[in-house]
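So you can see what is in the structure, the chains are spelled out below.
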Amino acid sequence: MDWLRQIPIGQYVDGTGSWLRDLDPRLKLAWTVAFLLTPILAGPWWRLALVGLLLLVTACSGLPWRIWRRTLPLLLALSLLVGVLATFLPAGGAEPVALNRPPQELRLDPADQGQRWELLRWGPVQLGPLPFGPMVITRRSAELGINSATLLFTVIHSANLLLLTTPPESLVWGLSWCIAPLARLGVPVDRLGFTLLLSLRFLPLVQEEFQNLLRSVATRSVNLRQLGLQGSLALVLALGERLLANVLLRAEQGAEALMAKGGRWIAPAQLIRDPLPRPALQWACALGLALLLGLRWRYGDV
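Figured I'd write up the structure that's included with this text. Predicted model, so just to flag it, every value in this text is computed and none were measured.

## A few points about the overall build of the chain
Stage number 1. Assigned secondary structure in the chain consists of eight helices and four strands.
Stage number 2. Buried residues in the chain amount to 29% of all 302 residues.
Stage number 3. Here the chain has roughly 20400 Å² of accessible surface; of this, 66% comes from carbon and sulfur atoms.

## Quick word on helix α7 (residues 224-260)
Stage number 1. For α7, with 37 residues, the first-to-last C-alpha span of 45 Å runs short of the 54 Å given by 1.5 Å per residue.
Stage number 2. Bending of α7 peaks at approximately 85° at the position of Gln 230.
Stage number 3. Turning to α7, its buried residues number three or more, namely Ser 232, Asn 246 and Val 247.

## Let's talk about the packing of helix α1 (residues 25-37) against helix α5 (residues 168-178)
Stage number 1. Between α1 and α5, the shortest axis-to-axis distance is 8 Å and the interhelical angle comes to 75°. With respect to α5, the axis of α1 lies roughly perpendicular. Each of Pro 25, Arg 26 and Leu 29 in α1 lies in contact with α5, whose residues at this interface are Ser 170, Leu 171, Trp 173, Gly 174, Leu 175 and Trp 177.
Stage number 2. Its residues placed into classes, the contact of α1 with α5 shows six nonpolar, two polar and one charged.

## Let's talk about a nonpolar patch on the surface
Stage number 1. A surface patch of nonpolar side chains, amounting to about 690 Å² of accessible area, comprises Val 33, Leu 36, Leu 37, Ile 40, Leu 41, Leu 151, Val 155 and Ile 156.
Stage number 2. Looking at the nonpolar patch, the elements that each hand over two or more residues are α1 and α4 (139-165).
Stage number 3. Its location among the elements puts Ile 40 in the loop between α1 and α2 (44-59).

## Re the nonpolar core
Stage number 1. If you look at the biggest cluster of nonpolar residues, it comprises 24 residues, and the most contacted ones within it are Leu 23, Trp 31, Trp 68, Phe 153, Cys 285 and Leu 292.
Stage number 2. Taken together, the elements giving at least two residues each to this core come down to α1, α2, α3 (65-88), α4 and α8 (279-299).

## Considering the packing of helix α6 (residues 189-219) against α7
Stage number 1. Relative orientation of the contacting elements α6 and α7 amounts to 140°, with a least axis distance of 10 Å. The angle between the axes of α6 and α7 places the two elements in the oblique class. Considering the relative orientation of α6 and α7, their crossing is right-handed. Taken together, the residues of α7 that come into contact with α6 (itself represented by Phe 194, Leu 198, Phe 202, Leu 205, Val 206, Glu 208, Glu 209, Phe 210, Leu 213 and Val 217) are Leu 239, Arg 242, Leu 243, Asn 246, Val 247, Arg 250, Ala 251 and Leu 258.
Stage number 2. The residue makeup of the contact of α6 with α7, split by class, is 13 nonpolar, one polar and four charged.

## Focus on the pattern of salt bridges
Stage number 1. Inspection of the entire model under this criterion finds one salt bridge.
Stage number 2. Put simply, Asp 24 and Arg 26 hold a salt bridge, and the shortest N to O gap is 2.8 Å.

## Examining unusual backbone geometry
The bulk of non-glycine residues show a negative phi, and the bulk of peptide bonds are trans.
Stage number 1. With a phi angle near 60°, Leu 41 is a residue other than glycine that sits in the positive phi range.
Stage number 2. Within the element layout of this structure, Leu 41 appears in the loop between α1 and α2.
Stage number 3. Take Leu 41: its relative accessible area is 75%, and that puts it in the exposed class.

## Focus on the environment of Thr 150
Stage number 1. As for its placement among the helices and strands, Thr 150 is situated in helix α4.
Stage number 2. Linking Thr 150 and Ser 79, residues 71 residues apart in sequence, is a C-alpha distance of 7.0 Å.
Stage number 3. Setting aside residues up to four positions removed in sequence, Thr 150 forms contacts with Arg 47, Leu 48 and Val 51.
Stage number 4. Of the polar contacts made by the side chain of Thr 150, one reaches the backbone oxygen of Ile 146; its length is 2.6 Å.
Stage number 5. Polar side-chain contacts of Thr 150 include one of 3.3 Å to the backbone oxygen of Asn 147.

## Examining the packing of aromatic side chains
The description of an aromatic ring pair uses the distance of the two centres, along with the angle that the planes make with each other.
Stage number 1. Across all of its chains, the model carries one aromatic pair by this definition.
Stage number 2. Judged by centre distance (5.9 Å) and plane angle (35°), the ring pair of Trp 31 and Phe 35 falls under tilted. In this pair, Trp 31 and Phe 35 both sit in helix α1, four residues apart, roughly one turn of the helix.
Stage number 3. Across from the ring centre of Trp 177, 4.6 Å away, lies the NZ or CZ of Arg 26, which sits over that ring.

## Looking at the environment of Leu 248
Stage number 1. Within the secondary structure layout, Leu 248 lies in helix α7.
Stage number 2. What makes Leu 248 exposed here is its relative accessible area of 51%.

## Comments concerning the side chain of Thr 38
Stage number 1. Looking at the element boundaries, Thr 38 is found in the loop between α1 and α2.
Stage number 2. For Thr 38, a relative accessible area of 7% corresponds to the buried category.
Stage number 3. Looking at Thr 38, its side chain comes within polar contact range of the main-chain oxygen of Ala 34, at 2.5 Å.
Stage number 4. Apart from residues lying up to four places away in sequence, Thr 38 is in contact with Trp 46, Leu 50, Leu 293 and Arg 296.

The rules behind the values
Residues numbered from 1 in each chain as written. Predicted model: local features only at pLDDT ≥ 70, side-chain atom pairs only at ≥ 80, totals over all residues. Heavy atoms only, no water. Helix = DSSP H or I, 4+ residues; strand = E, 2+ residues; numbered from the N terminus. Buried < 20%, exposed > 50% of the residue type's maximum accessible area, 1.4 Å probe, protein only. Areas by Shrake-Rupley, 256 points an atom, 1.4 Å probe, with all protein chains shown as cover. Expected span 1.5 Å × (residues − 1). Bend = angle between axes of the 7 residues up to and from the residue. Axes fitted to C-alpha atoms, helices over the stretch in contact; angles between N-to-C directions. Parallel < 35°, antiparallel > 145°, perpendicular 65-115°, else oblique. Contact = heavy atoms within 4.5 Å. Nonpolar A, V, L, I, M, F, W, Y, C, P; charged D, E, K, R; others polar. Patch = residues over 30% accessible without salt bridge, like charges linked within 9 Å, V, L, I, M, F, W, Y side chains within 5 Å. Salt bridge = Lys/Arg side-chain N within 4 Å of Asp/Glu carboxyl O. Core = buried A, V, L, I, M, F, W, Y, C linked by side-chain atoms within 4.5 Å. Left-handed = near helix turned anticlockwise from the far one by under 90°. Polar contact = N/O pair within 3.5 Å; in protein donor to acceptor, adjacent residues only side chain to side chain. Phe/Tyr/Trp six-rings, centres within 6.5 Å; stacked < 30°, edge-to-face > 60°. Lys NZ or Arg CZ within 6 Å of the ring centre and 35° of its normal.

Here it is, written out as structure tokens:
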């Protein structure tokens, strides 16, 4: 039951030998934002290219394989499952409208007929005693499946890659540097950075509470089939309520401990920052980000 502790999701893993650890946190933030924003209104080939780029970065990052042997295959399987479900579910469509002009007036050359709308038709399908109609994969459903799978993988893996290779202090320093101009408008940038630092430190506690709740359910040998739908839903709601109560209790205890020590908060500018190593690496990653944005502007709709 300790599988949650063995999966480093959203937690910094200390170590050496990876060039991602030496990268400027501001550049890593910019790369992550690019991975999150460039798939918007992009074509399926661009989304698949982003997934391939993320896998290439992961393979060449120098991080130990023990970090990825549990998270990466699970995330790939989840993304593939979501993509398959989105592909086979009905994509919907607009109701046909009446033609204003007779179709005989429109005559196209055979070479200009366009591409096929239906890519695959399989069926009818018989699953046990229940018959189903033919399963049809159209261009729209295939594009929906690719978009769903690639977007899920890109969002989770890019954010996880950032959190795995960046200490919380460096991440808060980079975010505070990005939003520093808002301080002229009266925004408490320093307090926001300190709050974010506490939130990042609080993630393992939330994971521990969730692990304890799962262990308590497993030790009681709860049978969801005997509970039924209503009983299972009540159990899930009770677990959610208990998780929220435990997390709020942990937060209250942390606040009391902080106030007992004087309640002093540290501004992100006061965090110790070592000189950034490998300046050539920093420039190469910055140029790579500019190249990625240029390719998105030129070939993103493909």
